[in-house]
Amino acid sequence: MAYAKGYDVSDYQTGIPGDASFVFIKASEGAHTAQLNWREKQAAARARGLVVGYYHFFHAENDVGDEVAHFCGAVGDVPEDELLVLDFEPYDQGVDDAECTRRKNAWLAAVKARYPNHKVGMYTNRDWWFRTDDECGDFLWIADYETEPGAPRIRAAWRFHQHTEDPLDTDVFGGSEAELRAWVRVPAPSAGPEGGVPPPASATPTVPGARAAPPPADDRPAWERLVAHVLSVPEGDYEHWDDEEGWDNHTRFGRQFGEDGVAWCVIFEWCMYDDLGLTGIVPKTDNVDSFTQWARARGQWSEYPSLGAWMNWRDGSHTEIVVAFTPTTVTTKGGNTLPAGGDGGQGRGVYSHTYQRTDSRITGYFAPRFTDTGPPTADPHDPRGGPRVGTSPAVRPAGGTGGTPATSRSRKMALVSKTVPSVVGDDSATVFTAVPGSAWINVSADYVPPGEKVSVRIDVADGRGTWVQTNQIRTIGNGEAAWLELAAPEFTRVVSVKRLSHQTARLDATLHYPDS
């Protein structure tokens, strides 16, 4: 893949190399340190039509509010398609890792609250990535110099990879320049009179931040666009918790389908097709048995996986969409499920799973007929004409997010969910950052031995580092849940959830916000 190339620059550099597709400009450091020449670099980058971002070098020993105020004051109002980044590598600052993490998360949340429509991400190196939690805002920019460009040695999803600092800090985006521009929604710069260099910025007066055109359309085959869309839906819990009824099956997918508050695994699949205008090739039903019968009657049933197919799990108990397969495995993604898969218990979110193709729990696959071309398939007799392959080709996710995700940092999110590590004690903390406003934390338990209860502790600090709720103990039995309304809604809050017992029990902690 031809990765988009870029650089990050500070006052130590006098300009931006000519082969850059994007640039990150250092705008501030700590609570007071300014950059003297960053505005000149900003003007040059905008004039060249580059994708632009700004970063703040973090000092964990300072008050988080002062750090946020310094960065936001320096950057001011910038277009929504310009990126904002925290440079997190707090070496030799006299602050332990846990406190660095708490302050890092508070910074990300506060800047996102100030710029709710911008992408706010984090830069760090492998050392600090493994020392902190997985909260990186809207995207991760990872530094790893001991590998090839585009192959950082981490398992987490990343957007940018800084792969060398010799002679300059040099980066790649995890895709082409067109994909980068689609992700940030910046069109390519228009060609000049000779079809090459864009004209000077002064040649065509524009409103600051205005863009000439929408991102390029996705012209891939329908099956590929469908799989790309499914892959782009962030994983996490989407349902709401009701104190009396528990998880309530209410999701944006149910509202889109017109039947909310019911089991929604099939509904999720229909919505994926509906989002791309493909409902003419699938039945509108909320029932696995119904679409199975529909497919069998039309010769669209197979014992083999194909991309975009609807898998029937346990003879009608669940379904997910096929997003990849190999000669021995099939990978699916679906709604109304759990990270543990179709047999993990009452589903409440969107998650991916990989199974052996010979798994007896897989009943078969509904293989929709796409109108343009058949998808890659493992079926040697697939009548749709798609290529018969042993391993399906990789599909890059679409640029969109597909809804209100568990990992979204927008103020309108309803849920953020994480699994509490299995370590008992202080090392088991799972950390959330709650933006100002009403919010509460819910903890649910599974795989707790009969008659026993797992204990958890919840602590809440405001963005200034003051504890507002401490030592909130909850005891939960198998299949039960407990909750805590967060105090200090006028502040950004950092929430810590710790397991105090039962190492083998599964604990899921979920941060809730109102829908509005």
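Residues numbered from 1 in each chain as written. Predicted model: local features only at pLDDT ≥ 70, side-chain atom pairs only at ≥ 80, totals over all residues. Heavy atoms only, no water.

### Focus: the overall build of the protein chain
Inference 1: Helix and strand counts for the protein chain come out as 9 helices and 26 strands.
Inference 2: Counting every position in the protein chain, which comprises 516 residues, the buried fraction comes to 54%.
Inference 3: In the protein chain, of all internal contacts separated by at least 6 residues, the share reaching a separation of at least 24 is 64%.
Inference 4: Accessible surface for the protein chain amounts to roughly 22100 Å². Of this, 49% is attributable to carbon and sulfur atoms. (Helix = DSSP H or I, 4+ residues; strand = E, 2+ residues; numbered from the N terminus. Buried < 20%, exposed > 50% of the residue type's maximum accessible area, 1.4 Å probe, protein only. Contact = heavy atoms within 4.5 Å. Areas by Shrake-Rupley, 256 points an atom, 1.4 Å probe, with all protein chains shown as cover.)

### Some thoughts on the sheet that holds strand β25 (residues 493-499)
Inference 1: Across the sheet, 4 strands lie side by side as β20-β25-β22-β23; this open sheet has antiparallel pairing. The outermost strands of the open sheet, each flanked by one partner alone, are β20 (430-434) and β23 (467-476). Adjacent strand axes in the sheet meet at a mean angle of 20° when their direction is disregarded.
Inference 2: Here strand β22 (residues 454-462) pairs with β25 via 7 bridges, running antiparallel. Across the sheet, the residue bridging to alanine 461 is valine 494, located in β25.
Inference 3: Each of β20, β22 and β25 is contacted by helix α3 (residues 97-114), which is oriented at about 30° to β20, the strand it contacts most. (Pairing = 2+ DSSP bridges. Axes fitted to C-alpha atoms, helices over the stretch in contact; angles between N-to-C directions.)

### Looking at the sheet that holds strand β14 (residues 310-313)
Inference 1: The strand order across the open sheet formed by 7 strands is β10-β17-β16-β15-β14-β18-β13, and the pairing between neighbours is antiparallel. Since the sheet does not close on itself, it has two edges, and those belong to β10 (236-237) and β13 (301-302), each with one partner.
Inference 2: Here 4 bridges tie β14 to strand β18 (residues 362-366), and the two strands are oriented antiparallel to one another. Note that in β18 the partner of methionine 311 across the bridge is tyrosine 365.
Inference 3: Strands β15 (318-325) and β16 (329-337) of the sheet are contacted by helix α6 (residues 222-232), whose axis makes an angle of about 110° with β15.

### Details of the pattern of salt bridges
Inference 1: Tallied over the entire structure, the rule returns 22 salt bridges.
Inference 2: Residue aspartate 144 is joined to arginine 126 by a salt bridge in which the shortest nitrogen-to-oxygen separation is 3.9 Å. A residue pair is termed long-range when its members are at least 10 positions apart, and aspartate 144 in the loop between β7 (140-143) and β8 (160-164) and arginine 126 in helix α4 (residues 126-131) qualify at 18 residues.
Inference 3: Relative accessible area serves as the criterion here: at 23%, arginine 126 is assigned to the partly exposed category.
Inference 4: Across the pair glutamate 177 and arginine 181 runs a salt bridge, and its minimum N-O distance is 3.0 Å. Residue glutamate 177 and its partner arginine 181 are located together in helix α5 (residues 177-184), separated by 4 residues, close to a single helical turn.
Inference 5: Classification of glutamate 177 as partly exposed rests on a relative accessible area of 31%.
Inference 6: Looking at arginine 181, the relative accessible area reads 3%, which means it is buried. (Salt bridge = Lys/Arg side-chain N within 4 Å of Asp/Glu carboxyl O.)

### Description of the side chain of serine 392
Inference 1: Mapped onto the secondary structure, serine 392 falls in the loop between β18 and β19 (415-419).
Inference 2: On the basis of relative accessible area, serine 392 is assigned to the buried category, the value being 9%.
Inference 3: Look past the residues within four positions of serine 392 in its chain and what remains in contact with it is Leu307, Ala324 and Phe325.

### Considerations on the confidence of the model for the protein chain
Inference 1: Taken residue by residue, the protein chain gives an average pLDDT of 83. The fraction at 70 or more is 85%.
Inference 2: Of the regions scoring below 50 in pLDDT, residues 191-217 engages in 23 contacts with residues more than four places distant in sequence or in other chains. (pLDDT = per-residue confidence, 0-100.)

### Focus: the environment of threonine 285
Inference 1: Turning to its location among the elements, threonine 285 is positioned in the loop between α8 (265-275) and α9 (288-297).
Inference 2: A relative accessible area of 10% places threonine 285 in the buried class.
Inference 3: Separated by 15 residues in the primary sequence, threonine 285 and tryptophan 270 have C-alpha atoms spaced 7.9 Å apart.
Inference 4: The residues touching threonine 285, leaving out its near neighbours within four places in the chain, are Phe257, Val266, Ser290 and Phe291.
Inference 5: A polar atom in the side chain of threonine 285 sits 3.3 Å from the side chain of serine 290. (Polar contact = N/O pair within 3.5 Å; in protein donor to acceptor, adjacent residues only side chain to side chain.)

### What to know about the packing of helix α2 (residues 64-75) against α3
Inference 1: One way to put it is that α2 packs onto α3 with a least axis distance of 10 Å and a crossing angle of 40°. Comparing the axis directions of α2 and α3 gives the class oblique. Considering how the two elements wind past one another, α2 and α3 form a crossing that is right-handed. Where α2 approaches α3, its residues Val64, Glu67, Val68, Phe71 and Cys72 are matched on the opposing element by Arg103, Ala106, Trp107, Ala110, Val111 and Arg114.
Inference 2: Class assignment for the residues of the contact of α2 with α3 results in 8 nonpolar, no polar and 3 charged. (Parallel < 35°, antiparallel > 145°, perpendicular 65-115°, else oblique. Left-handed = near helix turned anticlockwise from the far one by under 90°. Nonpolar A, V, L, I, M, F, W, Y, C, P; charged D, E, K, R; others polar.)

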